[in-house]
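Breakdown of the fold
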There are 2 protein chains.
Amino acid sequence: MSRVYNFSAGPAVLPEEVLKEAAEEMLDYNGSGMSVMEMSHRSKVFDEIIQTAEADLRDLLKIPDNYKVLFLQGGASQQFAMIPMNLMKNRVADYIVTGQWAKKAWQEAQKYGTANKIASSEDKTFSYIPDCSDLPISPDADYVYICENNTIYGTKYKTLPNTKGKILVSDVSSCFLSEPMDIEKYGIVYGGVQKNVGPAGLVIAIIREDLITEDVLPGTPTMLTYKTHADANSLYNTPNCYGIYICGKVFKWLKKQGGLEAMKERNEKKAKVLYDYLDSSKLFKGTVEPASRSLMNVPFVTGDKELDAKFVKEAEAAGLVNLKGHRTVGGMRASIYNAMPIEGVEALVEFMKKFEKENA
Amino acid sequence: MSRVYNFSAGPAVLPEEVLKEAAEEMLDYNGSGMSVMEMSHRSKVFDEIIQTAEADLRDLLKIPDNYKVLFLQGGASQQFAMIPMNLMKNRVADYIVTGQWAKKAWQEAQKYGTANKIASSEDKTFSYIPDCSDLPISPDADYVYICENNTIYGTKYKTLPNTKGKILVSDVSSCFLSEPMDIEKYGIVYGGVQKNVGPAGLVIAIIREDLITEDVLPGTPTMLTYKTHADANSLYNTPNCYGIYICGKVFKWLKKQGGLEAMKERNEKKAKVLYDYLDSSKLFKGTVEPASRSLMNVPFVTGDKELDAKFVKEAEAAGLVNLKGHRTVGGMRASIYNAMPIEGVEALVEFMKKFEKENA
């Protein structure tokens, strides 16, 4: 067995010790005589798995008691509909469009009411986060929507928008658990887990209780009503049990690393290694405005498509994989999530230095 | 490690060799240097996983070319809404209610139009399948809906309803791949995989192409539109990749067992061991009308609640687990899906005989 350094934007690298434990427990979880994949979601043993996962997540994010934690299916894409279907009482919402995912969320919301694009960074290929200190928030907006870390473009909000008292809804898929958050500033925080937390097929939504009501838009499916899942503690129907189990292990791993304060420090240190080199390189160039740089996703280019392709190919041969950038940005992208060790980033930078020398 | 005989109704027992392979490949799938959980769903290596899974499933079920295979999230419960949202052009559908899940599907459909209950077996606790040879099919029904195997009650359709030319939609969650099917008789066949195929969090829908259109009900979310997923070969957004991978392994395992004809034979043989004993026992009694008996789920009772509880407890101590029946039926239920070896059923019957002797 030989593991690579995997810079995939998602699904993405997971902590090796989590995978090792999962492999060891595959045929017999904790003396139950069965795999977690084979357990009833209503069994005592699975109940302990999901309860422990929730408790550890609450602990990590310091989630206040008046917020529910839901383990859902359908990815962020399904949240794009669930959010307006559950929250659009006035049929008005404001969207800040800082990338492809925020844009898709904004487009989906238009099915259900007036979705205003109150700010955007599309003019410069989403390479920055706009000033959100004094936006034209709609007086009757049911919520203000953001995508907090933009996976494709490598930007992140450093301060949250001034919503002028409106509910903030945030997609944190690609920065989930990468640093502490103040949950009380949000109405809904949600993330697909497949970038920074676990395997694909699971979304975690953290929702302030007063936003969970039966008063949803007409025609909202039972499964797309937050209350359905909140009332049943995420066990209205069979959830993605194995995904919850793996996420639970990642939560334990994060606590062992020292929690989210420690992760933040570690992620800052890791990102600095790469950004410092990008700022000094004559060949490679970061594509994002420095003030908006993400700690998780780092896009960069040489400015020469052929050279970009050569880099990606040679990096792969050196065990540094999935560095090809998204087609809308081009070039390269290194996703350096929680589970990417600093040794992986150092190996990448060493390789970039060598490549720069060889291709000067 | 000591494995039990797991009679859970779902999530349920999986083939041991599938779990062993998954454990072995956990840190490095096929030389990729990463777990399947860590792979981009757009990567070449995952593409081969999903394509192979689909090809093997098509092979097993002999799925005609004019049917699409979709790997979806949200369980059968989400299909309860997706089906009317995508198929109810006239806003009318007919439901045959043979259990709790068919009933839930029928209730959900009422959100979207007129859902007629054209037959039911609720009068006798769903212990039989009604005669469906000449039902009052609605002239403008967009489809006729059935749940083909009723997990809780242990019944199965032995012949399909006469739909008088209307599209047949069938939930096959708990009999999926237990025997051959004639897919051409259906408009949609779908099943949550967590009973007979794989881990929870994945639904497979097999849909006739002409039923996949943009003409869905107003307000249908993009993610709940079959066309979204059909056009993108189930990769519109990140699917439950690990679930698809495990299902793919189960498909290979089924082919190795001789395919669905062989599975049918095996399942009939297994069920006969249990039913024959039930028919001869003076203590235990099957709860289902013999003509409607499922090969997959076998509920039985002693008629004495305390004795039932004693049986479940002692069986568990003997390594025969998850035999407690659903609260609406009471007593016991043995789910004997594809992956339950005949040795498990024989061990159960031996234990029942011993229990009968001791408690005569």
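Residues numbered from 1 in each chain as written. Chains lettered and ligands numbered in written order. Predicted model: local features only at pLDDT ≥ 70, side-chain atom pairs only at ≥ 80, totals over all residues. Heavy atoms only, no water.

Some words on the UniProt feature "domain: Aminotransferase class V" (unreviewed entry) in chain A
- In the numbering used here, UniProt assigns the "domain: Aminotransferase class V" (unreviewed entry) feature to residues 4-348 of chain A.
- Structurally, residues 4-348 of chain A is divided into 33% helix and 17% strand, and its ends, taken at the C-alpha atoms, are 12 Å apart. (UniProt positions renumbered as here; feature names shortened; annotations may be inferred. Helix = DSSP H or I, 4+ residues; strand = E, 2+ residues; numbered from the N terminus.)

Focus: the pairing of strand β9 (residues 188-192) of chain B
Residue and element names in this part refer to chain B.
- Burial within β9 is extensive, with 5 of its 5 residues counted as buried.
- Here β9 shows no split at all, with Ile188, Tyr190 and Gly192 on one side and Val189 and Gly191 on the other all buried.
- Summarising the sheet, strand β8 (residues 168-171) and β9 pair through 3 bridges and their orientation is parallel. By the bridge assignment for β9, serine 170 is matched with valine 189. (Buried < 20%, exposed > 50% of the residue type's maximum accessible area, 1.4 Å probe, protein only. Pairing = 2+ DSSP bridges.)

Observations regarding the pairing of strand β3 (residues 92-97) of chain B
All names here are of chain B.
- Counting buried positions along β3 gives 6 out of 6 residues, so the element sits mostly inside the fold.
- Of the two faces of β3, the one lined by Val92, Asp94 and Ile96 and the one lined by Ala93, Tyr95 and Val97 are each fully buried.
- Direction of pairing for β3 relative to strand β4 (residues 114-120): parallel, over a ladder of 6 bridges. By the bridge assignment for β4, isoleucine 96 is matched with alanine 119.

Thoughts on the relation of the copies chain B and chain A
- Note on the identical chains: chain B maps onto chain A by a rotation of 180° and an axial translation of 0.0 Å, with an RMSD of 0.0 Å. Taken together, the turn and the small shift mark the pair as related by a two-fold rotation axis. Among all C-alpha atoms of chain B, that of Ala23(B) lies closest to the rotation axis, at 2.2 Å.
- In this assembly, 100% of the residues forming the interface of chain B have copies in chain A that are likewise at the interface, indicating an isologous arrangement. (Least-squares fit on C-alpha atoms with pLDDT ≥ 70 in both. Contact = heavy atoms within 4.5 Å.)

Some details on the pattern of salt bridges
- Counted according to the given criterion, the structure contains 48 salt bridges over all chains.
- For Lys111(A), the salt bridge identified is with Glu108(A), shortest N-O distance 3.9 Å.
- Lys111(A) sits in the partly exposed class, given a relative accessible area of 39%.
- Between Asp231(B) and Lys227(B) there is a salt bridge, and its shortest N-O distance comes to 2.7 Å. Of this pair, Asp231(B) and Lys227(B) both sit in helix α5 (residues 226-231), separated by 4 residues, roughly a single helical turn.
- Taking relative accessible area as the criterion, Asp231(B) reaches 54% and is therefore assigned exposed.
- Given a relative accessible area of 21%, Lys227(B) falls into the partly exposed group.
- Linked by salt bridges that have partners in common, Arg3(A), Glu16(A), Lys20(A) and Glu38(B) make up one network. (Salt bridge = Lys/Arg side-chain N within 4 Å of Asp/Glu carboxyl O.)

Quick word on the packing of helix α1 (residues 16-24) of chain B against helix α6 (residues 241-256) of chain B
Residue and element names in this part refer to chain B.
- α6 packs onto α1 with a crossing angle of 135° between their chain directions and a minimal axis gap of 10 Å. As far as their axial angle goes, α6 and α1 are oblique. Relative to α6, α1 is oriented so that their crossing is right-handed. Contacts between α1 and α6 involve Glu17, Val18, Glu21 and Ala22 from the former and Tyr242, Tyr245, Ile246, Lys249, Val250, Trp253 and Lys256 from the latter. (Axes fitted to C-alpha atoms, helices over the stretch in contact; angles between N-to-C directions. Parallel < 35°, antiparallel > 145°, perpendicular 65-115°, else oblique. Left-handed = near helix turned anticlockwise from the far one by under 90°.)

Some details on the packing of aromatic side chains
- Using the criterion set out here, one finds 27 aromatic pairs over all chains in the structure.
- Relative to Phe355(A), the ring of Phe311(A) has its centre 5.1 Å away and its plane inclined at 85°; by these criteria the two rings are edge-to-face. Of the two residues, Phe311(A) sits in helix α8 (residues 305-317) while Phe355(A) sits in helix α9 (residues 342-358), which places them 44 residues apart along the sequence. Pair check on accessibility: Phe311(A) and Phe355(A) agree, each one buried.
- Judged by centre distance (5.7 Å) and plane angle (90°), the rings of Tyr29(B) and Tyr245(B) are edge-to-face. Here the residue Tyr29(B) occupies a position in the loop between α1 and α2 (44-61), and Tyr245(B) occupies one in helix α6, the gap between them amounting to 216 residues. The two residues Tyr29(B) and Tyr245(B) agree in class, both being buried.
- Site record: aromatic cluster; members linked through ring pairs are Tyr29(A), Tyr242(A), Tyr245(A), Tyr29(B), Tyr242(B) and Tyr245(B). (Phe/Tyr/Trp six-rings, centres within 6.5 Å; stacked < 30°, edge-to-face > 60°.)

Focus: α1(B)
- All of the buried residues along α1(B) are Val18(B), Leu19(B), Ala22(B) and Ala23(B). Axial view of α1(B): buried residues confined to an arc of 135°, hence all on one face.
- Check the buried side of α1(B) and you find it contacts α1 (16-24) of chain A together with α6 of chain B. (Arc of directions from axis to C-beta.)

Some thoughts on the UniProt feature "modified residue: N6-(pyridoxal phosphate)lysine" (unreviewed entry) in chain A
All names here are of chain A.
- Under the UniProt annotation, the feature "modified residue: N6-(pyridoxal phosphate)lysine" (unreviewed entry) is placed at Lys195.
- Note on placement: lysine 195 falls in the loop between β9 (188-192) and β10 (203-208).
- Once residues within four sequence positions are removed from consideration, lysine 195 is found in contact with Ala9, Gly10, Ala12, Thr151, Ser173, Ser174 and Tyr337.
- A polar side-chain atom of lysine 195 sits 3.2 Å from the main-chain carbonyl oxygen of alanine 9. (Polar contact = N/O pair within 3.5 Å; in protein donor to acceptor, adjacent residues only side chain to side chain.)

Considering the nonpolar core
- Core analysis: the largest hydrophobic core is formed by 190 residues, its most contacted members being Tyr242(A), Phe311(A), Tyr242(B) and Phe311(B).
- The residues touching Tyr242(A), leaving out its near neighbours within four places in the chain, are Ala22(A), Met26(A), Val36(A), Met37(A), Met26(B), Met37(B) and Tyr242(B).
- Counting residues in each nonpolar core, the second largest holds 73 residues, with Met88(A), Leu224(A), Trp106(B) and Val203(B) among its members. (Core = buried A, V, L, I, M, F, W, Y, C linked by side-chain atoms within 4.5 Å.)

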